[in-house]
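# Per-entry structural report
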Amino acid sequence: QVQLVESGGGLVQAGGSLRLSCAASGRTFSNYTVGWFRQAPGKEREFVTAISTNGGWIYTADSGKGRFTISRDNAKNTVYLQMNSLKPEDTAVYYCAATGKLLRPSYSGSYDYWGQGTQVTVSS
């Protein structure tokens, strides 16, 4: 099992950048695919991006293509989400999630472990 803790959220102006971190505890973190999701008030949880165990593949939703980049450093047990050109519509609580078995990386039900979330607010 792994425990996940997000950090790096905060308030930024539109057009700015922010890097989120997902720190994992556990001896087998490198065996887990990790995804980022976000949820804005009144909206359903939305897939953002995911990365395979060794970074061999990355899948990003259309909303983040060209702006968001996921990466991982297994030696540090950390996954990152670099967000550039932020827009007010990116405002949400961002969650990282992990799974040791994956059928559909964009589906929240594919993930077994979730962090507590970190708030990202983008002002106009």
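Here's a quick rundown of the structure. The structure displayed is predicted, hence computed values, not measured ones.

Turning next to the overall build of the protein chain. Counting its regular elements, the protein chain contains zero helices and eleven strands. In the protein chain, the succession of helices and strands from N to C terminus is β-β-β-β-β-β-β-β-β-β-β. For the protein chain, whose C-alpha radius of gyration is 13 Å, the value lies close to the compact-globule estimate of 14 Å for 124 residues. Looking at the 124 residues of the protein chain, the share that counts as buried comes to 44%. Restricting to contacts in the protein chain with at least 6 residues of sequence separation, those with at least 24 account for 58%. Carbon and sulfur atoms form 46% of the exposed surface of the protein chain, whose accessible area is close to 6400 Å². Charge separation in the protein chain, taken as the distance between the mean sites of 12 positive and 8 negative side-chain charges, equals 4 Å.

A few words now on the side chain of T118. Its location among the elements puts T118 in strand 11 (residues 118-123). What makes T118 buried here is its relative accessible area of 10%. Of the polar contacts made by the side chain of T118, one reaches the backbone nitrogen of G9; its length is 3.2 Å.

So, on to the nonpolar core. Judged by nonpolar contacts, the single largest core of 27 residues is most densely connected at L4, L20, W36, V79, L81, M83 and Y94. Those elements that place two or more of their residues in this core are strand 3 (18-25), strand 4 (33-39), strand 5 (46-51), strand 7 (68-73), strand 8 (78-83), strand 9 (92-99) and strand 11. Counting residues in hydrophobic clusters, the runner-up holds six residues, among them F37, A50, A61 and Y111.

What counts and how
- Every chain is numbered independently, its residues counted from 1 as its sequence is written.
- The model is predicted, so local features are restricted to residues of pLDDT at least 70 and side-chain atom pairs to those at 80 or more, both for listing and for counting; the totals for chains, interfaces and linings are taken over all residues.
- With hydrogens and water excluded, all non-hydrogen atoms of the structure serve as input to the side-chain values.
- The secondary structure listing takes helices from DSSP runs of H or I that are at least 4 residues long and strands from runs of E that are at least 2 residues long, numbered from the N terminus.
- It is over C-alpha atoms that the radius of gyration is taken, and the globule rule equals 2.2 Å times the number of residues to the power 0.38.
- Here's how the labels work: a residue is buried when its accessible area is under 20% of the maximum for its type, exposed when over 50%, partly exposed in between, all with a 1.4 Å probe on protein chains only.
- By the convention used here, residues are in contact when the closest approach between their heavy atoms is within 4.5 Å.
- Note on areas: Shrake-Rupley, 1.4 Å probe, and residue coverage restricted to the protein chains presented here.
- Positive: Lys, Arg. Negative: Asp, Glu. His and the chain ends are not part of the count.
- Lys charges are placed at NZ, Arg charges at CZ, Asp charges at CG and Glu charges at CD.
- Think of a polar contact as two N or O atoms within 3.5 Å of one another; within protein, one of them needs to be a possible hydrogen donor and the other a possible acceptor, and neighboring residues in sequence only count if both atoms come from side chains.
- To define a nonpolar core, start from buried Ala, Val, Leu, Ile, Met, Phe, Trp, Tyr and Cys residues and group those joined through side-chain atoms within 4.5 Å.

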